[in-house]
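Survey of secondary and tertiary structure
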Amino acid sequence: MSDLILAIESSCDETAAAVLKDGREVLSNIISSQIPIHERYGGVVPEIASRNHVLNLPDVIGRALTEAGCGFEDLSAVAVTYGPGLVGALLTGVSAAKAIASARNLPLVGVNHIHGHIAANYIAHPELKPPFVCLVASGGHSHIVYVKDYTEFEILGRTRDDAAGEAFDKIARVLGLGYPGGPKLEKLAQEGDSQAIKFPRVSFGDGCYDFSFSGVKTAVINYVHKQEQKGEEICKADLAASFQRAVVEALVEHTMAAAREKKCKIVTLAGGVSANGALRAAFDEAAGQNGLTLYYPPLILCTDNAAMIGCAGYYLYKKGVFADSALNAVPNLKL
Ligand code: KG4
Ligand code: ZN
């Protein structure tokens, strides 16, 4: 008999629910984005995000079940993101999942959001199996992860300051592009020359795959100030393209070096930043040169969604890793 899992994701500004069959088949994937609500504030306002999750969750969950053609009685388990993320936002999804699990006497599975991003690749690529190296680059995280098994991970590198997506968002704000910055900056960069301005790269030496993006961020801000002081015009497209290249090169170089160390032939990308076309193109090229197989999810599974949480939750469910009614939101949950 097949297993149907209802998954709920509410860690940031997307209210999402999905139903998955046997872990990798997506029967429904409903995403209600709050971007239009937070846009006017230039970023996510946590309290407003929580309130909107509360308003949206019943409808989003109902739609996920209807689209999947099933009811609560058909489910095998309920999976939910319990961290990392905004505490109030996480709590709304966790409370909804606990209520459903309790009312329907279903197993409850707590899922780490980063684990979910990695699992998006299993949905998109049925042939993909661990072990592999995964770059998770999102608004809150930049991790190079060695995925030993479906539920076992080793962190090979992480950011020491800003996450890659956070850097995109901050520079987009400096350029007056608004929120969410990543896609807007990418669009502008397409019209610019990525070789126009040299920005610093940070490396912590051989065998260390950590990132630092605060240096390049400060360099961009200083560049803008200097040009303004000199009364010289800034070519925003060149600036965006040069900044994007600096970030992309660091992500590619460190991930490739980590894959080499692990003698790993498969590399995957995950998280919102992996929707970036320049990043995908640079990884495609590097994977070709290094004889590696590269996987990345379609755009809809790169940014936050519940299907990825259902897939990660399925493997925990199969392993018998269940949460109980004491499950709480853990804003700084580690992988
Ligand atoms: O994974 P995600 O939806 O949420 C988190 O878990 O953080 O990632 C959102 C991040 C934002 O910082 C956003 O600007 C960035 O991913 N992002 C992009 C692109 N699309 C989303 N960054 C660069 N280029 C993109 N096309
Ligand atoms: Zn995310």
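One numbering rule holds for all chains: residues counted from 1, following each sequence as written. To read the labels, note that chains go from A and ligands from 1, taken in the order they are written. In keeping with the predicted nature of the model, local features appear solely for residues at pLDDT of at least 70, side-chain atom pairs appear and are counted solely at 80 or more, and the whole-chain, interface and lining totals rest on all residues. Hydrogens are left out, water is left out, and the side-chain values use all remaining heavy atoms of the structure.

Focus on the site of ligand 1
Nearness is defined per residue: one heavy atom within 4 Å of the molecule or strand is enough. For ligand 1, the set of nearby residues contains 19 residues, the closest of which are H117, G139, D169, E186 and N276. With respect to ligand 1, the side chain of H117 contributes an N or O atom lying 3.0 Å from an oxygen atom. Take G182: an N or O atom from its main chain is 3.0 Å from an oxygen atom of ligand 1. Using the Shrake-Rupley algorithm and a 1.4 Å probe, accessible areas are obtained, with residue cover drawn only from the displayed protein chains. Taking 550 Å² as the accessible area of ligand 1 by itself, protein coverage stands at 88%. Note on conventions: DSSP H or I runs of at least 4 residues are helices, E runs of at least 2 residues are strands, and numbering of each starts at the N terminus. Among the secondary structure elements, those contributing two or more residues to the shell around ligand 1 are α4 (113-124), α5 (164-174) and α6 (181-189). Any pair of N or O atoms that falls within 3.5 Å is considered a polar contact. Within protein, one atom must be able to donate a hydrogen and the other to accept it, and sequence-neighbouring residues count only if both atoms are side-chain atoms.

Examining the coordination of the zinc ion (ligand 2)
Coordination shells were defined by N, O and S atoms within 2.8 Å of each metal, extended to 3.2 Å for Na, K and Ca; water is absent from the atom set, which can make sites look incomplete. Coordination of the zinc ion (ligand 2) by the protein involves H113 (NE2), H117 (NE2) and D304 (OD), with metal-donor separations of 2.0 to 2.1 Å. The motif formed by the donor residues of the zinc ion (ligand 2), counted along the single chain, is H-x3-H-x186-D. On the criterion of sequence distance, the pair formed by H117 in helix α4 and D304 in the loop between α10 (299-302) and α11 (307-319) is long-range, its members being 187 residues apart. Only protein chains enter the accessibility calculation, which uses a 1.4 Å probe; a residue whose area is less than 20% of its type maximum is buried, one above 50% is exposed, and one in between is partly exposed. Judged by its relative accessible area of 1%, H117 is buried. Residue classification places D304 among the buried residues on the basis of a relative accessible area of 13%.

Things to note about the sheet that holds strand β2 (residues 14-21)
Between any two strands, pairing holds if DSSP finds at least two bridges. In space, the 5 strands of this open sheet follow the order β3-β2-β1-β4-β5, with mixed pairing throughout. Both outer strands of the open sheet, β3 (25-33) and β5 (108-112), are each paired with one neighbouring strand and no more. Averaged over all adjacent pairs, the angle separating strand axes in this sheet is 20°, with direction ignored. We call two residues in contact whenever any of their non-hydrogen atoms come within 4.5 Å of each other. Axes, fitted as lines to C-alpha atoms, cover a helix only where it is in contact. Angles between the N-to-C directions of the axes lie from 0 to 180 degrees. Its contacts with the sheet put helix α2 (residues 46-68) on β1 (4-9), β2 and β3, and the angle it makes with β2 is roughly 25°. Sheet strands in contact with helix α3 (residues 87-104) are β1, β4 (77-83) and β5, and its direction is about 160° off that of β4.

Focus: helix α8 (residues 236-261)
Compared with an ideal rise of 1.5 Å per residue, which puts 26 residues at 38 Å, α8 spans 38 Å between its outermost C-alpha atoms and is within 8% of the ideal. In terms of residue burial, α8 counts as a mostly covered element, since 20 of its 26 residues are buried. Phi turns positive one or two residues past the end of α8, at K263, with a value near 50°. Here the expected span of a helix is defined as 1.5 Å times the quantity of residues minus one.

As for the domain arrangement of the chain
Bear in mind that the domain bounds are from an automatic or database domain assignment. The domain architecture assigned to the chain consists of domain 1 (4-118 + 302-318) and domain 2 (130-297). The C-alpha centroid of domain 2 is placed 27 Å from the C-alpha centroid of domain 1. Taken together, the contacts link 17 residues of domain 1 with 22 residues of domain 2. Accessible area that two parts lose when put together, with a 1.4 Å probe and added across both, is what the buried area reports. Across the domain 1/domain 2 interface, buried area totals approximately 1500 Å², and carbon plus sulfur atoms make up 73% of it. Here, a salt bridge means any Lys or Arg side-chain nitrogen found within 4 Å of an Asp or Glu carboxyl oxygen. Connecting domain 1 to domain 2 are 1 salt bridge. E39 is the salt-bridge partner of K184, the closest N and O atoms lying 3.5 Å from each other. Mapped onto the side of domain 1 that touches domain 2, the elements with two or more residues apiece are α1 (35-38), α4 and α11.

Brief notes about the sheet that holds strand β6 (residues 132-137)
Across the sheet, 5 strands lie side by side as β8-β7-β6-β9-β10; this open sheet has mixed pairing. In this open sheet, the two edge strands, each paired with only one partner strand, are β8 (152-158) and β10 (293-295). Taken over all neighbouring pairs, the strand axes of this sheet differ in orientation by 25° on average, direction set aside. When strand β9 (residues 266-270) meets β10, the two strands line up parallel, connected through 3 bridges. By the bridge assignment for β10, T268 is matched with Y295. Each of β6, β7 (142-149), β8, β9 and β10 touches α4; the most contacted strand, β6, lies at about 120° to it. Relative to the sheet, α8 contacts β6, β7, β8 and β9, its axis offset from that of β6 by approximately 155°.

Quick notes on the environment of A96
Here A96 lies in helix α3. Residue A96 is classed as buried on the basis of its relative accessible area of 16%. Taking the C-alpha atoms as reference points, A96 and E73, separated by 23 residues in sequence, lie 16 Å from one another. Once residues within four sequence positions are removed from consideration, A96 is found in contact with I8, L57 and I61.

Quick look at the packing of α5 against α8
Interhelical geometry of α5 versus α8 gives an angle of 175° and a closest axis separation of 11 Å. Considering their axes alone, α5 and α8 lie roughly antiparallel with respect to each other. Residues A164, A167, F168 and I171 of α5 pack against F243, Q244, V247 and L251 of α8. The class makeup of the residues in the contact of α5 with α8 is 7 nonpolar, 1 polar and no charged. In this scheme, roughly parallel covers angles under 35 degrees and roughly antiparallel covers those over 145, while 65 to 115 is roughly perpendicular and the rest are oblique. Amino acids are sorted into nonpolar (Ala, Val, Leu, Ile, Met, Phe, Trp, Tyr, Cys and Pro), charged (Asp, Glu, Lys and Arg) and polar (every other residue, Gly among them).

Some thoughts on the side chain of S32
Its location among the elements puts S32 in strand β3. The exposure class assigned to S32 is buried, which follows from its relative accessible area of 18%. Those residues in contact with S32 that sit more than four places away from it in its chain are D13, E14, T15, N56 and V60.

Details of the packing of aromatic side chains
Stacked, tilted and edge-to-face are the three classes applied to pairs of Phe, Tyr and Trp rings, where Trp contributes its six-membered ring and a pair requires centres within 6.5 Å; stacked means planes under 30 degrees apart, edge-to-face means over 60, and tilted covers the rest. Under the counting rule described, the total for this entry stands at 9 aromatic pairs. Taken together, a centroid distance of 4.0 Å and an interplanar angle of 5° make the contact between Y150 and Y315 stacked. Of the two residues, Y150 sits in the loop between β7 and β8 while Y315 sits in helix α11, which places them 165 residues apart along the sequence. Judged on exposure class, the residue Y150 and its partner Y315 are both buried.

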